[in-house]
Structure formats: structure tokens, C-alpha cells
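Residue-level listing of the chains:
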Amino acid sequence: RNKKGTHTWKLTAQLAPVSAPQVESCLLQLLEDQQWTTVSRGQFEPLSRVVRFRMSDWNAQRDRSFRVRLRYRNSADQVMNHDYSGIVRAEPAENKEPIVVGLISCMKNFTGQLAWNSSSIWFPHQEVAEGVASHQPDLLCFAGDQIYEGDISRAEGGPPDKMLLDYHTKFLRWYRSFGELTRNTPCITIPDDHDVYHGNIWGAGGKRGRKEPGTTAQDSGGYKLAPRQVNAIHMTQTSHLPDPLIDGPVGEGYSVYSTRVEYAGISIAVLSDRQFKSAPRPSVPEGKVVNGWFTSPDFDPVDADLPGLHLLGDAQEKFLDRWALDWGYGAQWKFLLSQTPFS
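To start, this report covers the structure provided alongside it. (Residues numbered from 1 in each chain as written. Predicted model: local features only at pLDDT ≥ 70, side-chain atom pairs only at ≥ 80, totals over all residues. Heavy atoms only, no water.)

**Side note on the sheet that holds strand β11 (residues 259-263)**
1) Next: Ordered by their spatial adjacency, three strands build an open sheet running β11-β12-β15, and the pairing between neighbours is mixed. Unpaired on one side and paired on the other, β11 and β15 (333-337) mark the two borders of the sheet. Looking at each pair of strands side by side, their axes are set apart by 20° on average, direction ignored.
2) Next: For β11 and strand β12 (residues 266-270), the ladder comprises five bridges, and the chain directions are antiparallel. Considered in β12, the bridge of Tyr-263 is made with Ile-266.
3) Next: Contacts from helix α6 (residues 314-325) reach β11, β12 and β15 within the one sheet, and its direction differs from that of β12 by about 175°. (Pairing = 2+ DSSP bridges. Helix = DSSP H or I, 4+ residues; strand = E, 2+ residues; numbered from the N terminus. Axes fitted to C-alpha atoms, helices over the stretch in contact; angles between N-to-C directions. Contact = heavy atoms within 4.5 Å.)

**Considering the pattern of salt bridges**
Pairing is possible between side chains of opposite charge, provided their charged atoms come close.
1) Next: Enumeration according to the criterion identifies 21 salt bridges in this entry.
2) Next: Between Glu-91 and Arg-1 there is a salt bridge; the shortest N-O distance is 3.1 Å. Of this pair, Glu-91 sits in the loop between β7 (79-88) and β8 (101-104) while Arg-1 sits in the segment before β1 (7-14), and the two are 90 residues apart along the sequence.
3) Next: Classification of Glu-91 as buried rests on a relative accessible area of 13%.
4) Next: Judged by relative accessible area, Arg-1 falls into the partly exposed class, the value being 25%.
5) Next: Salt-bridge contacts for Asp-166 lead to Lys-170; the nearest nitrogen and oxygen are separated by 3.1 Å. Of this pair, Asp-166 and Lys-170 both sit in helix α2 (residues 160-182), four residues apart, roughly one helical turn. (Salt bridge = Lys/Arg side-chain N within 4 Å of Asp/Glu carboxyl O. Buried < 20%, exposed > 50% of the residue type's maximum accessible area, 1.4 Å probe, protein only.)

**Description of the sheet that holds strand β2 (residues 23-32)**
Either a parallel or an antiparallel arrangement is found when strands of a sheet pair, and the pairing is made through backbone hydrogen bonds.
1) Next: The strand order β3-β2-β6-β7 describes an open sheet built from four strands, whose pairing is antiparallel. Looking at the sheet topology across the chains shown, the edges are occupied by β3 (35-41) and β7. Averaged over all adjacent pairs, the angle separating strand axes in this sheet is 30°, with direction ignored.

**Overview of the packing of aromatic side chains**
1) Next: Within this structure, the stated rule accounts for eleven aromatic pairs.
2) Next: With 4.9 Å between their ring centres and 85° between their planes, Phe-142 and Trp-174 make a pair best called edge-to-face. Here Phe-142 is found in strand β9 (residues 139-142), whereas its partner Trp-174 is found in helix α2, with 32 residues between them in sequence. Neither residue differs from the other here; Phe-142 and Trp-174 are each classed as buried.
3) Next: When the centroid spacing of 6.3 Å and the interplanar angle of 50° are considered together, the rings of Trp-174 and Phe-178 count as tilted. (Phe/Tyr/Trp six-rings, centres within 6.5 Å; stacked < 30°, edge-to-face > 60°.)

**Notes on the environment of Pro-213**
1) Next: By the secondary structure assignment, Pro-213 is in the loop between β10 (187-189) and α3 (217-220).
2) Next: Pro-213 gets classed as exposed once you look at its relative accessible area, which sits at 85%.
3) Next: Residues Pro-213 and Trp-202, eleven residues apart in the sequence, show an inter-C-alpha distance of 18 Å.

Shown next as C-alpha cells:
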């Protein structure tokens, strides 16, 4: 919802890891008077394998049937139509009680020795998806770790094209688990550390993490993956969100997605709470931090609260200051969505 009371609808169509020359076109169509009408033509993004659509002045007062039509040239040089359809639901009335929000995170597929079932395989999370669906949520929030980089198959660190193919293989598992939820329910999705191939991450304002003497690339702060890889991952998970409300890219070229979602009388701040966080290892070397844990028995973690270190970063803190006081969209409630609890 915009301040003028109008709406914008954004949709990200995630394709399988196809090659750009095989994509003839990708269309967004709406069902009007029993006829499919093309309302937008999307541009294929080769690294993220997504096609993005945006509809301004959207009528959110009734359910609308949509489909994405991909015209794809196969190995036999034939152009075939492939359709994916769903419903854009009407925005719930502001006085609807209750507004139901489904919150999901940390979708591990393989648990090793933790026996959920006889084979320790949780995928495809059918009971979780059906359980969430049974509550008929008005909105879905996926708060990170849609993938785990070493899940079922090992993490491919490089080269970049091979790494992204590995990511897409694992991200499509998430779609297979929750696609029937996201097909017909509006959805907020934000990446966390494992989505960008970290066990933990301190983004340090968009620094590129590099191995340094006595520490790992992860503990040195920043992203282990290059900007083009992280940005492709951000594209898959956040490009359907409202436009970012902080300036980006940051640091060495990493995209941002911090924003606000105004929906059904709720104002939601969406944060990237790890992207600007200072890394503890170089910030307090006397604590001898390994993977976020202080290993020095003589160090009190209270002494890690030092001037000049960041938790959310200046830009996000200014954004939160504005959001906290701004009720101009007609919201009656506010909540904040982040990857991790923090204080």
C-alpha cells in the first residue's frame, strides 16, 4: 500500500537454472472476462534466473487470477509454452481480526544424527507446509535460511557459475516445499547467513570477507562470496519486496533490501540485521572470537560493547527512526521482521 491509498503488486517468477538463449519471453497475464490478458512482459535475469514484474495502481479489493507464461526453446529447437498460475488475494480489511501471519525459517532438509524420521530427511517438509496452510494465513514471512549450503549435497564454493548452480538446486527445494503456499499468499522473504553460504555472517557494511593471518574469511568480517553472487541470491529472495528504503549498493557493491511493507492495517519493517554488523574477531581481538564465540576465558563479553561498532548500521537506524513514528499509511499495528533476535 502506498500513502495515497493505492497499491503496488510485485511478483518474482523463479525459473529453473535455464540458459538465457532458450528463454523466448516471459509474460504476466491476468484472467479478465474468462480471457487471459497480458499485462506485463518481464526481463530474464541470467544470474538469478528470475523474471520480475511490477504492477502499479493495483486493485487490491478483490481476488485476481494470474499466470506467468514462459515461452521456452527446448533442446529440439521447439518453442513451448510453460504456465504457472495462482491467485493474487484481496487485501484483508483493516478491521479483520485476527490477521494471521505464518512465520517460517531455517528449513533444514537433512539432519544427520538428529532423527526426525528413520532416514533423518525432513524434505519436502510436507507436514510443516500443511500445518501452516491449515491456519489460512493472510501473509507469509520467511525469515531466512531458506537453504543450507551443505544440505544433502556439499557446498560448491566456486567457480561462481558452479556455485550459483548449486544455490539454485537447493533453492528450488524450498519452492518444492512451499510453492503451494507462496502461489496464492503474499510472502515476505529475507535471506540469512546460510542463504549466502556462511555459517555465521557479520556483513561489516558490505566488506568482502578475506582470510587473514590467524583467522578465517568468515571471522574477519564481510561476505565470503563476491557481490555478483550475493546480489543474485538477494534477487531471488527479495526482488518482490517494496523498493529498498536505504541507499545501496553498500561497501564493495552488495545490494540492499531493507524496506517497509504496508498491508492489511499492519506496518512491517524488514531489516537486513547482519549486513552492517561489525565482526567481533577484529573488533575485540583480545576475546579470541571463533565463529562468533569468545574463547578467551579472561574476557568478559560485556567489554565488547565498544564505541564505533555497528549492530544495524547508521542507514538502517535512521530508517527505523522514521518508520517507528510514521503512521501515515493507515496502519494500526507495527512489527519488525529480521533474521535474528538482537538487543
